[in-house]
Amino acid sequence: MEHGQKDFLMHSFSGIGVKLTDLQIEQFLLYFELLAEWNEKINLTAITDYEDVVIKHFVDSVAAVRAQDFGKVHYLLDLGTGAGFPGIPLKIVYPHLWVVLMDSLNKRIIFLQEVIARLGLDKIEAVHGRAEDMARLEKYREKQDMVVSRAVANMSTLLEYCMPFVRPGGLFISYKSGKYQDELEQSRKACAIMGGKLVSEIPFTLPGTDIDRSFLVFKKTKKISKKFPRRAGLPGKQPLGS
């Protein structure tokens, strides 16, 4: 079975132009095992079939290669990382990255710390906290070359959560599924307030599926006011510009 799993993994990643090393294959297989094992104790993902996890979590996470050359990225923060997507797959494929995985649920952070240890990953930390609080810490504020998020949230809310972590000149990449145009249009004011500029919209279909995804890439053009993000809960309840 493991031989078949390896072949499927390699073939799936080849669909986005990524060739995995033996070590990366081992790390992804172990990541899947840990995900399956921990998912019985805490709710990490509704997607549990091996092939579905490979396509809808692993490949989907790394498909951001279509939006950015990760060789030019050094510091990356994954906000609302959940079970580690997209941060851990990106770290496996691009081991040079310094990665921060951030989530508001401590149970997930404990799982992620186990994954980091078992996969032997370095230059990566899993941090428990809310974006509204963590973005005020000097350690993280406006320090990241790139912030990524697959979190499901209103675009205006996501911009307020994510852009405070991005350094001026850096990027925020939002992973989106389905129709996003109305949401994007409604987020114009939030984007401007957060010092953002939409630089590209990259639609694609997950290899071997009919699942449509999109990457929305925002560039941080200037530093932003220290009053953002607003206090916990407000970005979600009262999105900027709404």
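Residues numbered from 1 in each chain as written. Predicted model: local features only at pLDDT ≥ 70, side-chain atom pairs only at ≥ 80, totals over all residues. Heavy atoms only, no water.

K.L.:
When you look at the nonpolar core in this model, what are you seeing that I'm missing?
P.N.:
In this structure, Phe13, Phe58 and Phe111 are the most contacted members of the largest nonpolar core, which totals 58 residues. Broken down by element, the residue count for this core peaks at nine residues, all from helix 2 (residues 22-39). Judged by nonpolar contacts, the second largest core, of 29 residues, contains Met102, Cys162, Phe172 and Ile224. (Core = buried A, V, L, I, M, F, W, Y, C linked by side-chain atoms within 4.5 Å. Buried < 20%, exposed > 50% of the residue type's maximum accessible area, 1.4 Å probe, protein only. Helix = DSSP H or I, 4+ residues; strand = E, 2+ residues; numbered from the N terminus.)

K.L.:
How should a negative patch on the surface be read in this particular structure?
P.N.:
Judged by side-chain charge, Glu2, Asp22, Glu26, Glu33, Glu37 and Glu40 come together as a negatively charged surface patch. The dominant element in the negative patch, judged by the number of residues it contributes, is helix 2, at four residues. Within the secondary structure layout, Glu2 lies in helix 1 (residues 2-14). When its relative accessible area of 44% is taken as the criterion, Glu2 is described as partly exposed. (Patch = residues over 30% accessible without salt bridge, like charges linked within 9 Å, V, L, I, M, F, W, Y side chains within 5 Å. Areas by Shrake-Rupley, 256 points an atom, 1.4 Å probe, with all protein chains shown as cover. Salt bridge = Lys/Arg side-chain N within 4 Å of Asp/Glu carboxyl O. Lys, Arg positive; Asp, Glu negative; His and termini not counted. Charge placed at Lys NZ, Arg CZ, Asp CG, Glu CD.)

K.L.:
What exactly am I supposed to notice about the environment of Pro229 here?
P.N.:
With respect to the helices and strands, the residue Pro229 is situated in the loop between strand 7 (212-220) and helix 10 (234-237). A relative accessible area of 0% means that Pro229 is categorised as buried. A C-alpha to C-alpha distance of 8.3 Å links Pro229 and Asp133, two positions 96 residues apart in sequence. Setting aside residues up to four positions removed in sequence, Pro229 forms contacts with Ala131, Glu132, Ala135, Arg136, Arg141, Glu160 and Pro164. (Contact = heavy atoms within 4.5 Å.)

K.L.:
It is not clear to me how the packing of aromatic side chains should be interpreted in this structure. Could you clarify?
P.N.:
The relation between two aromatic rings is expressed through the spacing of the ring centres and the mutual angle of the planes. Taken as a whole and assessed by the stated rule, the structure comprises 13 aromatic pairs. Each ring, one from Trp38 and one from Phe111, has its centre 5.5 Å from the other, and the planes form 55°; the classification is tilted. One end of the pair, Trp38, is in helix 2; the other, Phe111, is in helix 5 (residues 106-119), with 73 residues separating them in the sequence. With respect to class, Trp38 is no different from Phe111; both count as buried. Seen in terms of ring centroids, Tyr175 and Phe215 are 4.8 Å apart; in terms of plane orientation they differ by 85°. Their pairing is edge-to-face. (Phe/Tyr/Trp six-rings, centres within 6.5 Å; stacked < 30°, edge-to-face > 60°.)

K.L.:
Quick question: what am I supposed to make of unusual backbone geometry here?
P.N.:
As a rule of thumb, non-glycine residues mostly have phi less than zero, and peptide bonds are mostly trans rather than cis. Cis geometry marks the peptide bond from Phe85 to Pro86; its omega dihedral reads 5°. With an omega of 0°, the peptide bond between Phe228 and Pro229 qualifies as cis. Of note, the phi angle at Glu142 is positive, near 50°, even though the residue is not glycine. Note on placement: Glu142 falls in the loop between helix 6 (131-134) and strand 4 (144-149). Look at Glu142 and you get buried, because its relative accessible area is 12%.

K.L.:
How do you make sense of the side chain of Ser156 when you look at a structure like this?
P.N.:
Within the secondary structure, Ser156 is located in helix 7 (residues 155-162). Here Ser156 falls in the buried class, since its relative accessible area comes to 4%. When residues no more than four places from it in sequence are discounted, the contact partners of Ser156 are Gln186, Ser187, Ala190, Pro239 and Leu240.

K.L.:
Is there a simple way to explain the packing of helix 1 against helix 2 in this structure?
P.N.:
What describes two packed helices is the angle between their axes and the distance between those same axes. Axis separation between helix 1 and helix 2 bottoms out at 11 Å; the angle between their running directions is 110°. Taken together, the axis directions place helix 1 and helix 2 in an arrangement best described as roughly perpendicular. Our pair here, helix 1 against helix 2, has a crossing hand that is right-handed. Contacts between helix 1 and helix 2 involve Glu2, Gln5, Lys6, Leu9, Met10 and Phe13 on the former and, on the latter, Ile25, Phe28, Leu29 and Phe32. Of the residues in the contact of helix 1 with helix 2, the class split is seven nonpolar, one polar and two charged. (Axes fitted to C-alpha atoms, helices over the stretch in contact; angles between N-to-C directions. Parallel < 35°, antiparallel > 145°, perpendicular 65-115°, else oblique. Left-handed = near helix turned anticlockwise from the far one by under 90°. Nonpolar A, V, L, I, M, F, W, Y, C, P; charged D, E, K, R; others polar.)

K.L.:
Teacher, can you tell me more about the environment of Ala83 here?
P.N.:
Among the structural elements, Ala83 can be located in the loop between strand 1 (75-79) and helix 4 (87-93). Assessed through its relative accessible area of 3%, Ala83 is described here as buried. The spacing of Ala83 and Glu183 is 100 residues in sequence and 25 Å in space, taken between C-alpha atoms. Once residues within four sequence positions are removed from consideration, Ala83 is found in contact with Tyr31, Leu35, Leu44, Phe111 and Leu112.

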